[in-house]
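Summary of the model geometry
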Amino acid sequence: PDLAYMLAEARQGIRSYFNFNSVFGLSERGGKLVQTPKTETRSITPASSFLGLSRGATSKSGELVNTETAQTLSAVWRAVKVRSETIGSLSWDVYRDVNGSREKAPNHPVARLLNKPHALYNGQTLFETLQAWVTLTGNAFAVIQRNGAGQATSLRHVANHLVKIDYDEDKQELSYTVRSSNATKFIVLDSSQVIHLRSLVWDMEIGWGKSPVQAHRDAIGLGIAGQGYMSGLMKNGAHLSGILTTEAPMKPEIAEANRKSWQSTYGGHGNSGRTAVLQGGMKYQALSLSPADAKWLEVTKATTEDVSRIFGVPMHKLSALERSTNNNIEHQGREFVTDTVRPDANRIESEFQKLFSSRSNAYFLFNLDSLMRGDTEARAKMHGMMLNTGTLNRDEVRRLEGHNPIANGEGQIHLYPVNFAPMEALGLAKQGEKNASGEATKELPDGEEE
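Residues numbered from 1 in each chain as written. Predicted model: local features only at pLDDT ≥ 70, side-chain atom pairs only at ≥ 80, totals over all residues. Heavy atoms only, no water.

1. Focus on the overall build of the chain
Within the chain, the secondary structure is distributed over 15 helices and 16 strands. Considering the chain as a whole, with its 450 residues, one finds that 34% of them fall into the buried category. Taking contacts inside the chain between residues at least 6 apart in sequence as the whole, the part at least 24 apart equals 62%. Roughly 27300 Å² of accessible area belongs to the chain as shown, and the carbon and sulfur atoms make up 53% of that amount. (Helix = DSSP H or I, 4+ residues; strand = E, 2+ residues; numbered from the N terminus. Buried < 20%, exposed > 50% of the residue type's maximum accessible area, 1.4 Å probe, protein only. Contact = heavy atoms within 4.5 Å. Areas by Shrake-Rupley, 256 points an atom, 1.4 Å probe, with all protein chains shown as cover.)

And the structure:
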């Protein structure tokens, strides 16, 4: 009976803190909930303005470029997929500082939270989703839900067009207005309650990340236009290896009949390359693709190179292998980790510090070691150098390779070459050798040997 009473009290306490009919289950204690923008004391932009990021803009090629149309290019889709899945697949740990050293804390509440951040998805899905959004739009958001003790209990990803940022100049604080998908409820949260990943920030006051898709909409729009052009050409084109012409006049009805027959017989990619045969004193004339038609392959290649530069993904990861070799692919893979993945990981690590209390000595880190591994021979040489210089012990090397420590603890001993000595002792070592050979030592004024 006592346990049942305690459980009932706990349920009542939870329901008093969370309003399950509000936005993301947050009540006024978790953030200021307003039913309509008019009841908010701070100015809130109408719901239509929240959709600014999703509309996109028209490029110089006439194509509408936004996050959806950009993903119709296979290179953009692959670049976003590579960056998001790389972050999602990384191993990570929560650490604690203990007497100047760090130790893993797999049972820390934040570690459990990141394994299952929400009932709808697991940790990998959350990481992939956040990284995909920040890659495409320059921003990604997740609302932190906390219990009565202030501990983070859930992370809910929020689409960019549902979020508006305001800056309070008097308090020097940011606030995030998040609306529900039906635009009838709004929740106002301070920055400590929102995970906000930003890529490149131009506006230091509000802190919106700049969208690479919008910054490079002309380059992406050119690729979309070229793709649409070639699709229309394949659908409606009538490419022939040659035609027969005549100088004799032709009645309109005969010309129209010939045109329809020509289109049905030779139009479309399935009939490409066939030779037209006509009657009535016709002459044969060879045809070829126009220069504009022949340029589409170059446009596709140039678009892929642009996407590689825009999103920081090597060409070989976009399946463009014309100039790739086993040697340079390995180096490009390492550059991808240091120049692209590492900044992404650092950005998430820094922002996820909000999940810990201000008094906590714990923190979150990704493990990039697995991505930096080269081939087996190079790895063995590196480990050999680390062991020979005493930089690492055998247990540390075994851990890098995924093996357990040596059982008797012998692997924790650091080894080093016995002939290594400080430069200051070099003269003493040589003098000691002379003494051993029977030569006299030179006395110094203070009575010490040289």
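Still more ground to cover, so stick around.
2. So, the sheet that holds strand β11 (residues 194-198)
The pairing of strands in a sheet comes from backbone hydrogen bonds and takes either a parallel or an antiparallel form. Spatial strand order, β7-β6-β11: three strands in an open sheet with antiparallel pairing. In this open sheet, the two edge strands, each paired with only one partner strand, are β7 (152-158) and β11. The mean inter-strand angle of the sheet, taken between neighbouring strand axes irrespective of direction, is 25°. In this structure, strand β6 (residues 139-146) lies alongside β11, joined through five bridges in antiparallel fashion. By the bridge assignment for β11, Ala 142 is matched with Ile 195. Sheet strands touched by helix α6 (residues 123-137): β6, β7 and β11. Its angle to β6, the strand with the most contacts, is close to 145°. (Pairing = 2+ DSSP bridges. Axes fitted to C-alpha atoms, helices over the stretch in contact; angles between N-to-C directions.)

3. Focus on α6
For α6, built from 15 residues, the straight-helix expectation of 21 Å at 1.5 Å per residue is met to within 8% by its first-to-last C-alpha distance of 21 Å. Buried within α6 we find Gly 123, Leu 126, Phe 127, Leu 130, Gln 131, Ala 132, Val 134, Thr 135, Leu 136 and Thr 137. Looking at where α6 begins, the residue whose side-chain oxygen comes 3.3 Å from the main-chain nitrogen of Gln 124 is Asn 122. Where α6 ends, the next residue or the one after it, Gly 138, has phi of about 85°, a positive value. (Expected span 1.5 Å × (residues − 1). Polar contact = N/O pair within 3.5 Å; in protein donor to acceptor, adjacent residues only side chain to side chain.)

4. Here we look at unusual backbone geometry
Positive phi, close to 55°, is recorded for Gln 172, a residue that is not glycine. Along the chain, Gln 172 turns up in the loop between β8 (163-168) and β9 (173-179). One non-glycine residue, Ser 319, lies in the positive phi region at around 65°. Tracing the chain through its elements places Ser 319 in the loop between α11 (296-311) and α12 (326-351). On the basis of relative accessibility, which here comes to 61%, the residue Ser 319 falls in the exposed class.

5. A short note on the layout of surface pockets
Size it by volume and the largest pocket reaches roughly 660 Å³. Forming the boundary of the largest pocket are 20 residues, of which Tyr 95, Arg 102, Lys 104, Asn 367 and Asp 369 lie nearest the centre. Among the elements of the structure, β4 (91-98), β5 (101-104), α12, β16 (362-367) and α14 (394-400) are those that each provide at least two residues to the lining of the largest pocket. Sorting elements by how many residues they give to the lining of the largest pocket places β4 first, with four residues. For the lining of the largest pocket, the residue count by class is seven nonpolar, four polar and nine charged. Space inside the second largest pocket adds up to approximately 370 Å³. Lining of the second largest pocket is provided by 18 residues; of these, Arg 83, Ser 199, Leu 200, Pro 212 and Ile 310 occupy positions nearest its centre. Elements supplying a minimum of two residues to the lining of the second largest pocket: α6, α7 (212-215), α11 and α12. (1 Å grid on protein atoms, 1.4 Å probe; cavity = no way out; pocket = protein on both sides within 12 Å on 5 of 7 lines; lining within 4 Å. Points joined across faces, edges and corners; volume = space filled by probe spheres on them. Nonpolar A, V, L, I, M, F, W, Y, C, P; charged D, E, K, R; others polar.)

6. Overview of the packing of aromatic side chains
Summed over all chains, the structure comprises nine aromatic pairs. Taken together, a centroid distance of 5.7 Å and an interplanar angle of 25° make the contact between Phe 127 and Phe 352 stacked. Residue Phe 127 is located in helix α6, and its partner Phe 352 is located in the loop between α12 and β16; the two are separated by 225 residues in the primary sequence. On the basis of an interplanar angle of 20° and a centroid distance of 6.1 Å, the ring pair of Phe 127 and Phe 364 is categorised as stacked. One end of the pair, Phe 127, is in helix α6; the other, Phe 364, is in strand β16, with 237 residues separating them in the sequence. One exposure class covers both Phe 127 and Phe 364, and it is buried. By the ring-pair criterion, three or more aromatic residues cluster together here, those being Trp 92, Phe 127, Phe 352, Phe 364 and Phe 366. Its end group placed over the ring of Tyr 95, Arg 102 keeps NZ or CZ at 4.5 Å from the ring centre. (Phe/Tyr/Trp six-rings, centres within 6.5 Å; stacked < 30°, edge-to-face > 60°. Lys NZ or Arg CZ within 6 Å of the ring centre and 35° of its normal.)

7. Some details on the nonpolar core
Val 94, Phe 352, Leu 355, Phe 364 and Phe 366 are the most contacted members of the largest nonpolar core, which totals 50 residues. Excluding its chain neighbours within four sequence positions, the residues that come into contact with Leu 355 are Val 110, Leu 113, Leu 114, Ile 144, Arg 146, Ala 152 and Leu 155. By size, the runner-up hydrophobic cluster in this structure holds 14 residues, among which are Phe 141, Val 143, Leu 174 and Ile 206. (Core = buried A, V, L, I, M, F, W, Y, C linked by side-chain atoms within 4.5 Å.)

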